[in-house]
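Spelled out from the first residue to the last, the chains are:
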Amino acid sequence: MIVGNDVVDLDDPEARGAARRDRFVRRILRPAERRAVEASSDPDAALWARFAAKEAAYKAAVRLHGGAPSAPAAYEVAEDLAWVRLHALRLHLVVETPAPRASGRPAFVHAVAFSGDWDDRPRFAAGPHRGDPGADARSLLAESAAASLGCDPSRLRIVRDPIAGSWDGFGPPRLHLDGLPLPAPVSLSHHGRFVAYAHGAVAQRRRHV
Amino acid sequence: MMQTEVFEKVVGILKPFVREPEALERVGPDTSILGDLKVNSARLVDVVLEMEDAFGIAISDEEADSVRSVGDAVSLVLRKR
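Keep in mind the model is a prediction, meaning the values are calculated, not measured.

Participant: Outline the sheet that holds strand 9 (residues 180–191) of chain A, listing residues and values.
Facilitator: All names here are of chain A. Strand order in this open sheet of 5 strands is 6-10-9-8-7, and the pairing throughout is antiparallel. Of all the strands in the sheet, the pair left with one neighbour each is strand 6 (123–128) and strand 7 (156–159). Neighbour to neighbour, the strand axes of the sheet diverge by 30 degrees on average, direction disregarded. Two elements, strand 8 (residues 174–177) and strand 9, share 3 bridges in a ladder whose sense is antiparallel. By the bridge assignment, H176 is partnered in strand 9 with P181. Contacting strand 6, strand 7, strand 8, strand 9 and strand 10 (194–199), helix 4 (residues 133–149) crosses the sheet at an angle of about 35 degrees to strand 10.

Participant: Could you give an account of the sheet that holds strand 5 (residues 108–114) of chain A, naming the residues involved and the relevant values?
Facilitator: Residues and elements named next belong to chain A. Strands sit in the order 1-5-4-3-2 across an open sheet of 5 strands; the sheet is antiparallel. Bordering the open sheet on either side are strand 1 (3–9) and strand 2 (76–77), each of which pairs with just one other strand. Where strand 2 lies against strand 3 (residues 83–86), 2 bridges are found, and the strand directions are antiparallel. Residue pairing across strands places E76 opposite R85, the latter belonging to strand 3. Helix 3 (residues 43–64) contacts strand 1, strand 2, strand 3, strand 4 (89–96) and strand 5 of the sheet and is inclined by roughly 150 degrees relative to strand 1.

Participant: Just give me the short version of the packing of helix 1 (residues 3–14) of chain B against helix 3 (residues 41–55) of chain B, but keep the residues and values in it.
Facilitator: Residues and elements named next belong to chain B. In contact at an axis separation of 10 Å, helix 1 and helix 3 are set at 140 degrees when each is read in the N-to-C sense. In terms of axis orientation, helix 1 runs oblique to helix 3. As helix 1 runs across helix 3, the sense of the crossing is right-handed. Mapping the contact onto sequence places K9, I13 and L14 in helix 1 and V47, E50, M51 and A54 in helix 3. In terms of residue class, the contact of helix 1 with helix 3 is made up of 5 nonpolar, no polar and 2 charged.

Participant: Describe the interface of chain B and chain A, listing the residues and the values that go with them.
Facilitator: Between chain B and chain A, the contact holds 13 residues from the first and 15 residues from the second. Counting only elements with at least two residues in the side of chain B that touches chain A, the list comes to helix 3 and helix 4 (61–65) of chain B. Looking at side-chain class alone, the side of chain B that touches chain A contains 5 nonpolar, 3 polar and 5 charged residues.

Reading the values: the criteria
- Residues numbered from 1 in each chain as written.
- Chains lettered and ligands numbered in written order.
- Predicted model: local features only at pLDDT ≥ 70, side-chain atom pairs only at ≥ 80, totals over all residues.
- Pairing = 2+ DSSP bridges.
- Helix = DSSP H or I, 4+ residues; strand = E, 2+ residues; numbered from the N terminus.
- Axes fitted to C-alpha atoms, helices over the stretch in contact; angles between N-to-C directions.
- Contact = placed C-beta atoms within 7 Å.
- Parallel < 35°, antiparallel > 145°, perpendicular 65-115°, else oblique.
- Left-handed = near helix turned anticlockwise from the far one by under 90°.
- Nonpolar A, V, L, I, M, F, W, Y, C, P; charged D, E, K, R; others polar.

Shape descriptors only; they carry no functional weight alone.
If you want it as structure tokens, here you go:
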């Protein structure tokens, strides 16, 4: 399985009004995606749901192919947000939005893209951070993975190995139990007030814990 | 336009989108735009649009994809002009 996720804070200044910025929209969305956004009652949320889906798919795709394109327009998102595709690679897609608030819109969108069987879909969640987005996202991921494994979260670490030429000089995050790598794919994201994680099944190691 | 001039202009374009302002104080050609300056992927799209406007060039998705560092961005501009 490969997995990627991305969260967008819809109240962040950079997110608000983005659907009205024509060049920006044209740069990241395909024609059918633009039509879906234009037809939406909440164009900004619709835009960022699709952007997050593309970003999640990119994070998943780089695990298969380090040179996967990062340009959002390279990724095609289904009109019903059920899948996202890069060439022949089609990934399941879940777009999580909390219940709309009094303002009529949700606070964030969280997209998770993954391969494999739908029934084996990853665990994922998003929520507000407590002051250190990077550490808080890792902590939430560790707590979820530890619950699956039935172990204490302190035994888990999320590590990123240096990889020259990657977007930030590091490879995708990986989960370690007692210093040894676990096969479960993991993904982390934070934006504005929110952090999010997704991870594949880790339970197969449970009998060793 | 000289390389230094393009460099200064690129740094000026990046400045509003940088989430790690102290990294700008030691910015150089090898500075990673996403990794060191913490420009996020959505803002990177804005950076590309502003570079197109500022230098009067068109930047394809493939060309934008090849830009990792400030030096990559400068080289791209010099190549396109």
